[in-house]
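Given next are the chains, with one letter for each unit.
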Amino acid sequence: MSQVDISHLKKLKSGVKLFYADKEGLDASTHPLDDIQEEDWKVLAQLEEFQSSVEEENDKHNYTSAITGAMASIDESVVVADKFQAKAVDWSIYLWNIIWRTDETIVAGQLVPTHQKSSAWKKVWLRIEHWAPTKELLYTEYSYCNIKVSMNQAENMKLLQPVIDGEQIPALNQGIVATAAMGAPAAADSEVEGSV
């Protein structure tokens, strides 16, 4: 259920937590991850059933070998999209802004214009925290994505469950920051490639 007070989400140390940064004019080409301050990150949701997938295209190229003169072929696989889908079990008011395609502040008892944007997809920087059952942070993923939120409502009309779909957009500084809880060695302990 959507919460007005989301302070518990910031403190929660389990499962997968989703944060987003949405500043005026934010674009990965003009605002790399380094430009986002801690106060710019907003809690979006606590997630369950987080699934990521890779969409690939396979091409087969035939060619004549310059050495033997025989026909040969190469199979190439190219990643065309990195996607994810997750269900929100607890979420902030910001999720409704994405569902209703508005940048207006949603206030109780006040008419808020909705469906102002022509696309259901929104470009945002995401911070995805993956927590272990032991309440240790395993890793944090930073990704510039297009996200879309759809709302599923159960037959009994009592259960709302937003589904968040995302597709990564190539950008600088995307990646993960692992922790020791994931088994990653400390930066000072890891060997630098090519060192003697």
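These figures come from a predicted structure and were not determined experimentally.

(A) Fine view of the pairing of strand 4 (residues 122-131). The element strand 4 is extensively covered by neighbouring structure, given that nine of its 10 residues are classed as buried. As judged from the six bridges shared by strand 1 (residues 16-21) and strand 4, these two strands associate in the antiparallel manner. By the bridge assignment, leucine 18 is partnered in strand 4 with isoleucine 128. Counting the residues that bridge the hairpin from strand 4 to strand 5 (residues 137-153) gives five residues, and of these lysine 135 lies at a positive phi of roughly 65°.

(B) Here's a closer look at the packing of aromatic side chains. A complete count under the given rule lists five aromatic pairs for this structure. Seen in terms of ring centroids, phenylalanine 50 and phenylalanine 84 are 5.4 Å apart; in terms of plane orientation they differ by 20°. Their pairing is stacked. Linking phenylalanine 50 in strand 2 (residues 41-64) with phenylalanine 84 in strand 3 (residues 71-91), this pair joins segments that are 34 residues apart in sequence. The partly exposed category is assigned to phenylalanine 50, whose relative accessible area is 23%. Its guanidinium or amino end placed over the ring of tyrosine 94, lysine 42 lies 4.9 Å from that ring's centre, counting from NZ or CZ. In this structure, arginine 127 is placed above the aromatic ring of phenylalanine 19, and the distance from its NZ or CZ to the ring centre is 4.1 Å.

(C) Seen up close, the pairing of strand 1. Summarising burial for strand 1: six of the six residues are buried, a large majority. Both strand 1 and strand 2 contribute to a ladder of six bridges, which runs antiparallel. Looking at the pairing, leucine 18 lines up with alanine 45 of strand 2.

(D) Main features of the environment of alanine 88. Topologically, alanine 88 is positioned in strand 3. Judged by relative accessible area, which is 1%, alanine 88 ranks as buried. Taking the C-alpha atoms as reference points, alanine 88 and glutamine 161, 73 residues apart in sequence, are found 6.2 Å from one another. In this view, alanine 88 contacts Ala45, Gln46, Leu47, Gln161, Pro162 and Ile164; residues no more than four positions away in its chain are not counted.

(E) Examining the nonpolar core more closely. Grouped together as the largest cluster of nonpolar side chains are 21 residues, with contacts concentrated most on Leu18, Leu44, Leu47, Leu95, Leu126, Ile147 and Ile164. Taken together, the elements giving at least two residues each to this core come down to strand 1, strand 2, strand 3, helix 2 (94-99), strand 4 and strand 5. Once residues lying within four places of it in the same chain are set aside, the contact partners of isoleucine 164 are Leu18, Ala45, Leu47, Phe84, Gln85, Ala86, Ala88, Leu95, Lys148 and Val149. In this structure, Ala21, Leu33, Trp125 and Ile169 belong to the second largest nonpolar core, which totals nine residues.

(F) Quick look at the pattern of salt bridges. In total, this model carries seven salt bridges according to the counting rule given. We note a salt bridge from glutamate 129 to lysine 17, for which the minimum N-O separation is 3.8 Å. Of this pair, glutamate 129 sits in strand 4 while lysine 17 sits in strand 1, and the two are 112 residues apart along the sequence. Across the salt bridge formed by lysine 117 and aspartate 103, the nearest N and O atoms sit 2.7 Å from each other. Of this pair, lysine 117 sits in the loop between helix 2 and strand 4 while aspartate 103 sits in the loop between helix 2 and strand 4, and the two are 14 residues apart along the sequence.

(G) Layout of the confidence of the model for the chain. Residues of the chain with pLDDT of at least 70 account for 79%, and the chain-wide mean is 78. Across residues 1-5, confidence stays below pLDDT 50; counting only partners more than four residues off in sequence or on other chains, it has 11 contacts. Below pLDDT 50 for its whole length, residues 190-196 participates in one contact with residues either more than four positions away or in separate chains.

(H) Layout of unusual backbone geometry. Unlike most non-glycine residues, histidine 115 shows phi in positive territory, near 55°. Looking at histidine 115, the relative accessible area reads 46%, which means it is partly exposed. The backbone of lysine 135 shows a phi angle near 65°, a positive value even though the residue is not glycine. Among the secondary structure elements, lysine 135 is positioned in the loop between strand 4 and strand 5. The exposure class assigned to lysine 135 is exposed, which follows from its relative accessible area of 57%.

Conventions and cut-offs
Residues numbered from 1 in each chain as written. Predicted model: local features only at pLDDT ≥ 70, side-chain atom pairs only at ≥ 80, totals over all residues. Heavy atoms only, no water. Buried < 20%, exposed > 50% of the residue type's maximum accessible area, 1.4 Å probe, protein only. Helix = DSSP H or I, 4+ residues; strand = E, 2+ residues; numbered from the N terminus. Pairing = 2+ DSSP bridges. Phe/Tyr/Trp six-rings, centres within 6.5 Å; stacked < 30°, edge-to-face > 60°. Lys NZ or Arg CZ within 6 Å of the ring centre and 35° of its normal. Contact = heavy atoms within 4.5 Å. Core = buried A, V, L, I, M, F, W, Y, C linked by side-chain atoms within 4.5 Å. Salt bridge = Lys/Arg side-chain N within 4 Å of Asp/Glu carboxyl O. pLDDT = per-residue confidence, 0-100.

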